[in-house]
Amino acid sequence: MGNAIIKCNDCPRRCNADRAKRVGFCGAGVYARVAKTVAPFLYEEPILGELTAVFFSGCNLRCSYCQNIAISRSTSGAECDDARLAEIFDGAVGALDLVTPSHVLSAVERALALCKTERRIIWNTSGYETEDGARRASEFADVFLTDIKYYSSDLSRRLSSAPDYFEHAKRAVKVMREKRDVIVGEGKTAVMTSGLIVRHLVLPDCVNDSKNVLDFIAGELGTDTYISLMSQFTPNGAGGPNRRLNRIEYKIVAEHALKLGFKNGFFQDITSADSKFTPEF
Ligand code: SF4
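The notes below deal with the structure included here.

Analysis parameters
- The residue count restarts for each chain, going from 1 along the sequence in the order it is written.
- Per-residue local features of the predicted model are confined to residues with pLDDT of at least 70, and side-chain atom pairs are confined, for both listing and counting, to 80 or more; whole-chain, interface and lining totals are unaffected and use all residues.
- Note that the side-chain values use all heavy atoms of the structure and ignore hydrogens as well as water.
- Structural elements are reduced to axes, namely lines fitted to C-alpha atoms, with helices fitted over the stretch in contact, and the angle between N-to-C directions of any two is expressed from 0 to 180 degrees.
- Strands here mean DSSP runs of E at least two residues long; helices mean DSSP runs of H or I at least four residues long; both are numbered from the N terminus.
- The labels follow the angle: roughly parallel below 35 degrees, roughly antiparallel above 145, roughly perpendicular from 65 to 115, and oblique for the rest.
- In a left-handed crossing the near helix is turned counterclockwise from the far helix by less than a right angle, and in a right-handed crossing that turn is clockwise.
- In what follows, residue pairs with any heavy atoms lying within 4.5 Å of each other are defined as contacts.
- Under the convention adopted here, Pro, Cys and the residues Ala, Val, Leu, Ile, Met, Phe, Trp and Tyr are nonpolar, Asp, Glu, Lys and Arg are charged, and Gly plus all remaining residues are polar.
- Classification of ring pairs uses Phe, Tyr and Trp, with its six-membered ring standing for Trp, and accepts pairs whose centres are within 6.5 Å; under 30 degrees between planes counts as stacked, over 60 as edge-to-face, and the remaining range as tilted.
- Note on classification: 1.4 Å probe, protein chains only; a residue is buried when its accessible area is under 20% of the maximum for its type, exposed when over 50%, partly exposed between these limits.
- A cutoff of 4 Å decides nearness: a residue is near a molecule or strand if any of its heavy atoms lies inside that distance of it.
- One side-chain nitrogen of Lys or Arg within 4 Å of one carboxyl oxygen of Asp or Glu is enough to make a salt bridge.

Here's the deal with the packing of helix α7 (residues 207–221) against helix α8 (residues 247–260)
Stage number 1. Look at α7 against α8: their axes get within 10 Å of each other, and the N-to-C directions meet at 20°. On the basis of the axis angle, α7 is roughly parallel to α8. As α7 packs across α8, the resulting crossing turns out to be right-handed. Note on element contacts: α8 touches α7 through Glu249, Ile252, Val253, His256, Ala257 and Leu260, opposite Val207, Ser210, Lys211, Leu214, Asp215 and Ala218.
Stage number 2. The residue makeup of the contact of α7 with α8, split by class, is seven nonpolar, two polar and three charged.

Remarks on the packing of aromatic side chains
Centre distance and the angle of the planes are the two values used to describe a pair of aromatic rings.
Stage number 1. One pass over the full model with this rule turns up eight aromatic pairs.
Stage number 2. Arranged with centres 4.8 Å apart and planes meeting at 75°, the rings of Phe41 and Tyr43 form a pair that is edge-to-face. For the pair formed by Phe41 and Tyr43, the shared burial category is buried.
Stage number 3. Geometrically, the ring pair formed by Tyr150 and Tyr165 is edge-to-face, given 5.3 Å between the ring centres and 85° between the ring planes. Residue Tyr150 is found in the loop between β6 (143–147) and α5 (153–160), and its partner Tyr165 is found in helix α6 (residues 165–177); the two are separated by 15 residues along the sequence.

Regarding the site of the ligand
Stage number 1. Around the ligand, the structure places Cys8, Asn9, Asp10, Cys11, Arg13, Arg14, Cys15, Arg19, Gly24, Phe25, Cys26 and His103.
Stage number 2. Its residues placed into classes, the shell around the ligand shows five nonpolar, three polar and four charged.

A look at the pattern of salt bridges
Stage number 1. Inspection of the entire model under this criterion finds 19 salt bridges.
Stage number 2. Of the charged contacts, one joins Arg110 and Asp82 as a salt bridge, the two residues approaching to 2.9 Å between their closest N and O atoms. With a gap of 28 residues between them, Arg110 in helix α3 (residues 105–114) and Asp82 in helix α2 (residues 82–90) connect regions that are remote in the sequence.
Stage number 3. Since its relative accessible area comes to 9%, Asp82 is described here as buried.
Stage number 4. Residue Arg177 pairs with Asp181 through a salt bridge whose shortest N-O separation is 3.5 Å.
Stage number 5. Overall, the relative accessible area of 25% leaves Asp181 in the partly exposed class.
Stage number 6. Taken together, the shared-partner salt bridges in this structure form one network comprising Asp10, Glu109 and Arg136.

Right, dumping it as structure tokens:
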């Protein structure tokens, strides 16, 4: 796709918007806006290794409880033409972690074509992708770090205005699963150089939905899939749910994961249910 996007249908929203003239649901124009880069950025999954996180403005999902609401609903940050975006990518220390990038896929593709440095690339996505989008990303992404947020269409409609979330996420993650898991090193020095990690944030009052998500991963992707079960939900004061996750809820979901027999994964201490993993914008 050239500089002028003709009728964007890059994600399941399929706005068919000419982004040179108007923004679609995601709020993005032709060029990506970079709200912030953070290096080093530490994730709950140490296996991601050293990386620079690039946070883009706008989002194609816009969950009511978004922890990055200051950027996901706004046009904060500098608009970067393709050359400037390539410069930012080239300046990354360690891997290049593209955070919630689905709505700027075309801009990322154009910028990567201009980059001078090859590096490990992490496609860090909400999971609300088309199969085609996941295939395009797999052309350059080494590691997929994807959410599977919901199983229930009623829940995804209520919290993300996306009743078709799981229908798309399940197909996209199967494309991502085609990437072979490669882990270099052992113990604390282990780094995933290629592969897939599926994240799931357990939401208050949604234990059964979380279990359904885990059943899907175990049954369709395999219990050797790297999972990251997160407990850090924090109300953002802007939309529901409006309470934190409690210990019992997380324990039930974590025990379900263990019962299913997942071999590779990361569990979070429930004390992480504060804002320490939320970057400031
Ligand atoms: S990327 Fe943005 S403009 Fe394109 S289809 Fe998705 S929400 Fe619409």
